[in-house]
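Structural features, examined
Letter by letter, the chains look like this.
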Amino acid sequence: LEVMSLLRQLRYRCDEEVKYGAHMAYGGAMGLLFLGGGSRTLGNDAEDVAVLLMAFFPRFPSHTADNQYHLQALRHLYVLAVKYRELEAIDVDTREPVYLPIQIAYENGSTKDITTPCLLPNSPSPLSSLTIISNRYFPLTLHHDKTSATSLQLQPPPQLLVKKKSGHLTYAQDPHALRSLLVQTGGTASRSGTSASQIIKYFSEEPTLLAFAKYLCDLPPFAKKKKLLTDSSTNATNTKCDLLERLEHFCTGVLHECLTQEKPEAIQLYLVLRNGVLSLATDHCNVFDVWDVRLVSTYYRMRQDWDLPSSSNTTTRLLSQDFVALLNETIEKLFASRGLDGKTVTKYARGDSDVVLGLVGCFLVWYDVPFLENGGIHTFDDAMDIV
């Protein structure tokens, strides 16, 4: 801006000392300052320096028809030295350019930190790699190696496709990372006095997350005032409100966990497993829900038994260990409250009619009891062995 202001002041001068060549120099300097709309710059190779000397000959013409020292055609040779050096970072979700700090490494070992969008600076040493140095975006490094899968092509410079982490805003929305730290420090609706949907807006623009916080993490006004709920009895009213409060508490905790641990895709999995376990307490129990919980429980138990290396243990669990343990405990308590135990297997093997097949099927799946039609139980002794 300082250079542009100086050039504009010089162009305003119109006296006898200012010749046509001076105005041509001011106009050329202004054009070079905004070369290619700010996306191009001049190279520093030997060939580039040669054509620039011919284009910007030190003796400028005194009037429009003065071609004694400087031919008109030579004045356009600067185009041969123009290089496309614009570097942009594009968010893969919004498809919009974003501000992003990156580090440039050269082959001589030197580095330089810049912020996109910008122009790649000239350097006597060839460029080696580009690395994202922001904790708001997932790490990415591009190497200048033609044999590499992440090869960096310098002509033209690449568009860095980046993905923002959950719980962070862009640098344009939050330059000093003040709003993004709200989630990292454990800020919730109960602590800040604001609703979860309002807090989510501070650090996320995902439509699905905003809708989840609005409809599942914030109780409707009528639910917070139990007297406004019209029902035939006070007990039923309190029960509905308690269910809504537990749902809000569960969804708020899940949302906070998934955002802080960079796993928003696990929100749906949490809801599916929770609803599946709750359906067992009703007449709409489904064997596939028990299969899902058992599959998850077995997977995490096997991971613990395998004693994976420490490098693998640093990976964030998709489901928390406490949640999986709570699912197992809830299912087992439900079976115990319904009187399902070893005697249920013997009754099932005998074909007693007083056995509720739907819930018994879930019980057999949970404890890995083979089904009759699969040939798993042939005699009463087989049933006793399983018990």
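Criteria and thresholds
- Along every chain, residues carry numbers that run from 1 in the direction the sequence is written.
- Per-residue local features of the predicted model are confined to residues with pLDDT of at least 70, and side-chain atom pairs are confined, for both listing and counting, to 80 or more; whole-chain, interface and lining totals are unaffected and use all residues.
- Water and hydrogen atoms play no part in the side-chain values, which are based on all heavy atoms of the structure.
- Relative accessible area decides the class of each residue, using a 1.4 Å probe on protein chains only: under 20% of the type maximum gives buried, over 50% gives exposed, and in between gives partly exposed.
- Strands here are runs of E lasting at least two residues and helices are runs of H or I lasting at least four, both read from the DSSP assignment and numbered beginning at the N terminus.
- The directions from the helix axis to the C-beta atoms are what the arc is built from.
- Two strands are said to pair when DSSP picks up at least two bridges between them.
- Interaxial angle, 0 to 180 degrees, is taken between N-to-C directions of lines fitted to C-alpha atoms, where a helix line uses only the stretch in contact.
- Stacked, edge-to-face and tilted are the three classes for Phe, Tyr and Trp ring pairs, Trp counted by its six-membered ring, which pair at centre distances within 6.5 Å; planes under 30 degrees apart are stacked, over 60 edge-to-face, the rest tilted.
- Two thresholds decide whether a charge sits over a ring: the Lys NZ or Arg CZ must be within 6 Å of the ring centre and within 35 degrees of the ring normal.

Another aspect to go through is helix α7 (residues 207–216). Listing the buried residues of α7 in full gives Leu209, Phe212 and Ala213. Summarising the axial view, the buried residues of α7 lie within an arc of 95°, below the 170-degree limit, and thus occupy one face. Away from its buried face by more than 90 degrees, α7 exposes Pro207, Thr208 and Tyr215.

Attention now moves to the sheet that holds strand β8 (residues 127–132). Taken in spatial order, the 4 strands line up as β6-β5-β8-β9 in an open sheet, and their pairing is antiparallel. Strands at the two margins of the open sheet, each flanked by one partner only, are β6 (111–116) and β9 (141–143). Going from strand to strand, the sheet's axes swing by 20° on average, the running direction of each strand aside. Examined bridge by bridge, strand β5 (residues 100–106) and β8 share 5 bridges and lie antiparallel to one another. For isoleucine 102, the partnering residue across the bridge sits in β8 and is isoleucine 132.

Further remarks concern the packing of aromatic side chains. This model, assessed by the stated rule, comprises 7 aromatic pairs. Residues phenylalanine 363 and tyrosine 367 carry aromatic rings whose centres are separated by 5.0 Å and whose planes lie at 55° to one another, so their mutual orientation is tilted. For phenylalanine 363, a relative accessible area of 5% puts it in the buried group. Of the residues examined, tyrosine 367 reaches a relative accessible area of 42% and is grouped as partly exposed. Through pairs of rings, three or more aromatic residues link up here, namely Phe250, Tyr270 and Phe323. Over the ring of tyrosine 171 we find arginine 136; its NZ or CZ atom is 4.0 Å from the centre of that ring.

The analysis is restricted to geometry; functional conclusions fall outside its scope.
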